Amino acid sequence: MKKILIPFLLIAFLFCGCQKKTTPTEMAGAKKSISEMLDRSFQAFMDKKLDSISVLLADSGLFCGTDPGELWNKKAICDEYAKVFADTSIKSQMPKPDKREILVQKDGKSAIVIEQLKGLSFCPNVPLRWVYYVVKEKEGWKINFSSIALIPYNKDLPMINKAVEQQK
C-alpha cells in the first residue's frame with residue numbers, strides 16, 4: 001500500500017507546485033482589463049447598444065435581477081434589455097458606480113467584481129450592489145454571472161420590515 005501511495009503523493013505535490021502563478025503585474029493588468037470591459041458595458045447600456053452589451057456576456061452565463069423571479073440566460077437578459085431600451089417613458093440615466101472592487105483569482109482566468117451605486121430613479125434612497133463573476137475567454141473578459149441587489153442600510157431594516165408587513 002505504501003509503495004502505491006508514495007508515487008501518487010509525489011505526482012500530487014508536483015502538480016500543485018507546477019501550477020502557473022499569476023504575477024502582480026499580470027494581476028494589475030487583469031484588473032485594468034476587467035475594469036475597462038465593465039466601463040464599456042456601462043457605456044453600451046447608456047447608449048442603448050444591445051449588440052455591444054451582448055458580446056460582453058458569456059454564452060453560458062446566468063444573470064439575476066432584483067426580483068426573485070428574474071433569473072435569465074444570455075438570450076433572456078438581452079430580450080429584457082431590448083424592452084428597456086424600447087421603453088420611451090424611461091428618461092433618467094443610471095448613475096455610474098461609485099465603488100468597484102475586483103478580486104482576480106490566483107490563476108488570472110476569472111474574477112469576482114462588486115460595484116455599488118446610489119441614486120437610481122426607482123429607489124433613490126437605497127443603494128444597489130452589482131456582483132459579477134467574469135471569466136477570461138479567447139475574445140477577452142466576459143460576464144459569466146451577475147446579480148443585482150438592493151442593499152439597504154442596516155439602520156433602515158426595521159423600517160423596511162414594518163412597511164412590508166403593512167402591505168400584507
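Residues numbered from 1 in each chain as written. Predicted model: local features only at pLDDT ≥ 70, side-chain atom pairs only at ≥ 80, totals over all residues. Heavy atoms only, no water.

The number of helices and strands found in the protein is five helices and six strands. Secondary structure elements in the protein, listed N-terminal to C-terminal, are α-α-α-β-β-α-β-β-β-β-α. The 168 residues of the protein split such that 30% are buried. Within the protein, residue pairs in contact and separated by at least 24 positions form 47% of the contacts whose partners lie at least 6 positions apart. Just so you have it, the protein exposes about 11,800 Å², and 61% of that area is on carbon and sulfur atoms. (Helix = DSSP H or I, 4+ residues; strand = E, 2+ residues; numbered from the N terminus. Buried < 20%, exposed > 50% of the residue type's maximum accessible area, 1.4 Å probe, protein only. Contact = heavy atoms within 4.5 Å. Areas by Shrake-Rupley, 256 points an atom, 1.4 Å probe, with all protein chains shown as cover.)

Counting 31 residues, the largest nonpolar core has Ile34, Val134 and Ile143 as its most contacted members. Take this core: its biggest share by element is seven residues, from helix α2 (residues 24-46). The contact partners of isoleucine 34, leaving out residues within four places of it in the chain, are Ile102, Val104, Ala111, Val113, Val134 and Trp141. (Core = buried A, V, L, I, M, F, W, Y, C linked by side-chain atoms within 4.5 Å.)

Per the counting criterion, the structure on display carries four aromatic pairs. Taking 6.0 Å as the distance between ring centres and 10 degrees as the angle between the ring planes, the aromatic pair formed by tryptophan 130 and tyrosine 132 counts as stacked. Judged by relative accessible area, tyrosine 132 falls into the buried class, the value being 7%. Taken together, the ring pairs in this structure connect Phe45, Tyr81 and Phe85 into an aromatic cluster. (Phe/Tyr/Trp six-rings, centres within 6.5 Å; stacked < 30°, edge-to-face > 60°.)

The next thing to look at is the pairing of strand β4 (residues 110-117). The buried count for β4 comes to six of eight residues, which makes it a mostly enclosed element. Bridging between strand β3 (residues 99-104) and β4 involves six bridges; their strand directions are antiparallel. Residue pairing across strands places glutamate 101 opposite isoleucine 114, the latter belonging to β4. Linkage of β3 to β4, two consecutive antiparallel strands, is achieved through a turn of five residues, within which glycine 108 is found at a positive phi near 75 degrees. Two elements, β4 and strand β5 (residues 128-137), share eight bridges in a ladder whose sense is antiparallel. The partner of glutamate 115 across the bridge, within β5, is tryptophan 130. (Pairing = 2+ DSSP bridges.)

Okay, unusual backbone geometry next. Its identity as a non-glycine residue notwithstanding, lysine 48 has a phi of 60 degrees, on the positive side. With respect to the element layout, lysine 48 can be found in the loop between α2 and α3 (50-54).

A separate point is the sheet that holds strand β1 (residues 57-64). Spatial ordering of the open sheet is given by β2-β1-β6-β5-β4-β3, a layout of six strands whose pairing is mixed. Every interior strand has two partners, whereas the edge strands, β2 (71-72) and β3, have only one. The strands touched by α2 within the sheet are β3, β4, β5 and β6 (140-150), with β3 carrying the most contacts at an inclination of about 135 degrees. Most of the contacts of helix α4 (residues 74-86) go to β1, to which it runs at about 65 degrees, and overall it touches β1, β2 and β5. (Axes fitted to C-alpha atoms, helices over the stretch in contact; angles between N-to-C directions.)

The topology assignment puts serine 35 in helix α2. A polar contact is formed between the side chain of serine 35 and the side chain of arginine 100, at a distance of 2.5 Å. Among residues more than four places away in sequence, those in contact with serine 35 are Arg100 and Ile102. (Polar contact = N/O pair within 3.5 Å; in protein donor to acceptor, adjacent residues only side chain to side chain.)

With that out of the way, let us pick up the confidence of the model for the protein. Scored by pLDDT, the protein comes out at a mean of 89, with 88% of its residues at no less than 70. The secondary-structure element of the protein with the lowest mean pLDDT is helix α1 (residues 2-17), recorded at 56, while β2 shows the highest, at 98. (pLDDT = per-residue confidence, 0-100.)

Summarising the element assignment, aspartate 156 is placed in the loop between β6 and α5 (157-167). A polar contact is formed between the side chain of aspartate 156 and the side chain of lysine 155, at a distance of 3.3 Å.

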